[in-house]
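Here's the letter readout for the chains.
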Amino acid sequence: MEFFIKKENEKKREYDALVIGAGPAGLTAAIYIARGRFSVLVFEKVIPGGLAATTHLIENYPGFPEGVEGEELGRLMEKQARNLGVEFAMEEVVDVELEGEKKRVKTREGEYEGKAVVIATGSSHKKLGVPGEDKFTGKGVSYCATCDAPFYKDKKIAVVGCGNSGMQEGLYLLRFVRSIDFIEYFPYIPADRILQERVKKHENVKFHLNHQVLEIVGDERVEGVRVKKRDTGEEKVIEVDGVFIFAGLSPNTAFLNGKMELEDGYVVTDEFMRTSIPGVFACGDVRKKVLRQVATAVGDGAVCGASVVEYLEGR
Amino acid sequence: MRVIVFTAPGCPWCTRAKNYLRERGISFKEVDISRNPSAARDLVRMTGQTGVPVIVINGKPVVGFNKPLIDRLLGLK
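Note that the structure is predicted; figures quoted are calculated from it, not measured.

**Student:** So what exactly am I meant to see when it comes to the sheet that holds strand E1 (residues 3-7) of chain B here?
**Tutor:** Strand-to-strand pairing in sheets goes through backbone hydrogen bonds, with the strands running parallel or antiparallel. All names here are of chain B. Judged by pairing direction, the sheet is mixed, and its four strands sit side by side in the order E2-E1-E3-E4 without closing on themselves. Each edge of the open sheet is held by one strand with a lone partner, namely strand E2 (29-32) and strand E4 (60-63). Neighbouring strand axes in the sheet, compared pairwise and without regard to direction, differ in orientation by 20 degrees on average. Where strand E3 (residues 54-57) meets E4, four bridges bridge the pair, whose relative direction is antiparallel. Bridge pairing links isoleucine 55 to valine 62 in E4. Where helix H1 (residues 12-23) meets the sheet, its contacts fall on E1, E2 and E3, and the angle it forms with E1 comes to roughly 155 degrees. Across the sheet, helix H3 (residues 67-74) is in contact with E3 and E4; its angle to E4 comes to roughly 160 degrees.

**Student:** Even after reading the chapter, I still don't get the pairing of strand E1 (residues 14-20) of chain A, so can you show me in this structure?
**Tutor:** One face of the sheet, then the other: side chains in a regular strand alternate in exactly this way. All names here are of chain A. The buried count for E1 comes to six of seven residues, which makes it a mostly enclosed element. Inspection of the sheet shows E1 paired to strand E6 (residues 111-119) by six bridges, in the parallel sense. By the bridge assignment for E6, isoleucine 20 is matched with isoleucine 119. As judged from the four bridges shared by E1 and strand E2 (residues 40-43), these two strands associate in the parallel manner. Its bridge partner lying in E2, valine 19 is registered against valine 42. Crossover E1 to E2 through helix H1 (residues 24-35) is right-handed.

The rules behind these values
- Residues numbered from 1 in each chain as written.
- Chains lettered and ligands numbered in written order.
- Predicted model: local features only at pLDDT ≥ 70, side-chain atom pairs only at ≥ 80, totals over all residues.
- Pairing = 2+ DSSP bridges.
- Helix = DSSP H or I, 4+ residues; strand = E, 2+ residues; numbered from the N terminus.
- Axes fitted to C-alpha atoms, helices over the stretch in contact; angles between N-to-C directions.
- Contact = placed C-beta atoms within 7 Å.
- Buried ≥ 20, exposed ≤ 12 C-beta atoms within 10 Å, placed from the backbone.
- Right-handed = clockwise from strand over helix to strand, strands pointing away.

So this is what it looks like as structure tokens:
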């Protein structure tokens, strides 16, 4: 391991490991690497916690019997990492050079070098790609309930997607809104039953299963969602003032600029979280996998951290 | 210099914006729109948008954590 003498005001630019993304996967990997006594820098463009930080309550991560706010969980993980000497750069990564022994990570603010790189950039809520969506984003169309719910006090809204995200965020939105029309592509509700039960206790919710969103309609503001029933082809407009979209995830891999092979946009790894490039690892939601949860991200992060330590030790 | 940050609880970019202002030593007033429905309505009127954070610097609203614009309005390099 190398030591660097840091002068005042001079930023250290070389680390043993560079971790891109401070969600649960990246932070867990960083904790494991730091415990192996290697230097780690974690890049984060928003705040530690990743997409989970936007969730008002995480109830399926063990250790928190009453659930934990996403932002709080991120803060606790960050604190644990900092206690171990993990450093943070609140900068957005825009490019990478991953081949060779020394990897480079470029942000808007500067360039950094590392012997190993961990890609833990997670995923974001996917756009539907329907007419009206871009036009009304931030003006009636939202992908973040905790951010935008107060704007919809006593209003009628639609939530697109009845997976765990849609139901969990729907429960939060119900504290503010007058009613929710849930729209689901599949003929069933994919969310955990415990969430379904809680949502269905509310009288001001309605489900439109087996419906595909065709368009978000409105002139100056959102006036409704045009949907099609998938089996009959019947179309209708559900009148709402706002639309929250939680219909699947999209990996945050644009910064790789085609420098790594992806599958459906996701990074492919082996069970040790190694990618096809030596010294480059990936963990969490950005990885090709079956279940994207805080618990699985943490599991990925642990395996990844251990693999990075092995790699850095030359084993 | 008068800086007001409109936020909602659990909004990550709001936390990022507040952290940034603190890092740069800028004092600000925070308005949580989930506790202040009229502020939410005012924001929609002011910006035409339904999102936070909104950082109002000397009366000029910045929607989202637009660092270059924030820096410019604050006179930071």
